[in-house]
Amino acid sequence: MSKEDIRLSKLMSMKGLCSRREADSYIERGLVLVNGQAVSTLGQKVSPNAVINLLPAAKRQKEEKVTIILNKPVGFVSTQAEKGYIPAISLITAQNQHNPNRRKAPSTRKLAVCGRLDIDSKGLLIFSQDGTIAKKLIGENSDIEKEYLVRFIGSLSEKGLKLLQYGLSLDGKPLKKAAISYVDQTRYPDLLRVVLKEGKKRQIRRMLELVGVKVTSLKRIRIGPVELKDLPEGKWCYLDHACELFT
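Counting restarts for each chain, with residues numbered from 1 along the sequence as it is written. Totals for whole chains, interfaces and linings use all residues, but because this is a predicted model, local features are given only for residues with pLDDT of at least 70 and pairs of side-chain atoms are given and counted only at 80 or more. Processing note: side-chain calculations cover all non-hydrogen atoms of the structure and skip hydrogens and water entirely.

## Notes on the pattern of salt bridges
Basic side-chain nitrogens of Lys or Arg form a salt bridge, by our definition, when they fall within 4 Å of a carboxyl oxygen of Asp or Glu. In total, this model carries nine salt bridges according to the counting rule given. Measuring nitrogen to oxygen at the nearest pair gives 2.7 Å for the salt bridge that ties glutamate 147 to arginine 222. Taken as a pair, glutamate 147 in strand 11 (residues 146–153) and arginine 222 in strand 16 (residues 214–223) lie far apart in primary sequence, 75 residues in all. Comparing glutamate 147 with arginine 222, the two get one shared label, buried. We note a salt bridge from aspartate 171 to arginine 206, for which the minimum N-O separation is 2.7 Å. Taken together, the positions of aspartate 171 in the loop between strand 12 (169–170) and strand 13 (173–174) and arginine 206 in helix 6 (residues 203–210) put the pair 35 residues apart, joining distant regions of the chain. Here arginine 206 falls in the partly exposed class, since its relative accessible area comes to 24%. A single salt-bridge network, built from bridges that share partners, covers Asp118, Asp120, Arg202 and Arg205. Note on conventions: DSSP H or I runs of at least 4 residues are helices, E runs of at least 2 residues are strands, and numbering of each starts at the N terminus. Burial classes: relative accessible area under 20% of the type maximum marks a residue as buried, over 50% as exposed, and values in between as partly exposed (1.4 Å probe, protein chains only).

## Quick notes on the nonpolar core
For the purposes of this section, nonpolar cores are sets of buried Ala, Val, Leu, Ile, Met, Phe, Trp, Tyr and Cys residues that join through side-chain atoms within 4.5 Å. Within the largest apolar cluster, 36 residues are counted, with the highest numbers of intra-cluster contacts made by Phe127, Leu156, Leu164, Leu192, Ile204 and Leu208. Throughout, a contact is declared for two residues whenever any of their heavy atoms are within 4.5 Å. Setting aside chain neighbours within four positions, we find leucine 164 in contact with Leu156, Ala178, Ile180, Leu192, Met207, Leu208 and Val211. Among the nonpolar cores identified, the runner-up in size contains 17 residues, and Ile6, Tyr26, Val32 and Ile52 belong to it.

## A short note on the pairing of strand 11
Pairing geometry for strand 11 and strand 15 (residues 188–196), over six bridges, is antiparallel. Paired with tyrosine 148 across the bridge in strand 15 is valine 194. Think of it this way: DSSP has to see at least two bridges between two strands before they count as a pair. Across eight bridges, the pairing between strand 11 and strand 16 is antiparallel. From the neighbouring strand, arginine 151 faces strand 16, where its bridge partner is serine 217.

## A few points about the sheet that holds strand 5 (residues 52–54)
Overall, antiparallel pairing links the three strands, which are arranged 3-2-5 in an open sheet. Lying at the two open borders of the sheet, with one neighbouring strand each, are strand 3 (37–39) and strand 5. When strand polarity is set aside, the average angle formed by the axes of neighbouring strands in this sheet is 40°. The sheet contact formed by strand 2 (residues 32–34) and strand 3 spans three bridges and is antiparallel. For valine 34, the partnering residue across the bridge sits in strand 3 and is glutamine 37. Between the N-to-C directions of two axes lies an angle of 0 to 180 degrees, each axis being a line fitted to C-alpha atoms and, for a helix, fitted only over the stretch in contact.

## Here's the deal with the side chain of aspartate 5
Residue placement: aspartate 5 occurs in the segment before strand 1 (6–7). We count Lys and Arg on the positive side and Asp and Glu on the negative side, and we leave His and both chain ends out. Although buried, aspartate 5 forms no salt bridge, and the nearest oppositely charged side chain, lysine 45, lies 8.1 Å from it. Excluding residues within four positions of it along the chain, aspartate 5 makes contact with Lys45, Val46, Ser47 and Pro48.

Remember, this is a structural readout, not a statement about activity or role.
So, in structure tokens, the structure goes:
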């Protein structure tokens, strides 16, 4: 054993194969191959360069984990219920399913929201039972793009637009570069397309305030490869092949 060796479950998580908890379950059941050999000992350490494969039974188990998308309306909180506010997960009911003829509504008990969306904002939210997807979307090293349509009031100068793209700081830390442009400055002089690779609390609203304008509406239309498209407000649907989308 080398000093560089690490726990197999941790390496599986680092490689994006599954969460550590899922890895331990697969290892206990003998569903993990390391360099072609089955491993069933919890806590076993392996080389960081080891070739890891999941047996078909483990892949089927991962595919059974539910991931859904929801078009959140204004007025719902995206995370846990707060006094006086309604959580967006409460919209995941049979009545609100966009394609009700496919599968019945899932139990929300194990669904976790993968990212925040302010109560004053609307648009795309992703919920998943798969820890791997959650880590891809909200993990410390996540660089998944989030795209928004943002309306504002006030006069946005060319200098202000450049600062929005790069040059601002929040909470004492510089922000990552952002792709920010007008959707159509002639027809819609108050509408911006904003693409971020981070998600600080109320980030877009605070950014625009720093350059002297105010957000009047904010809608998220894309997270990575997943687009909101024509999903009606307040409705949800299953996101098939979610694991493949975020690998």
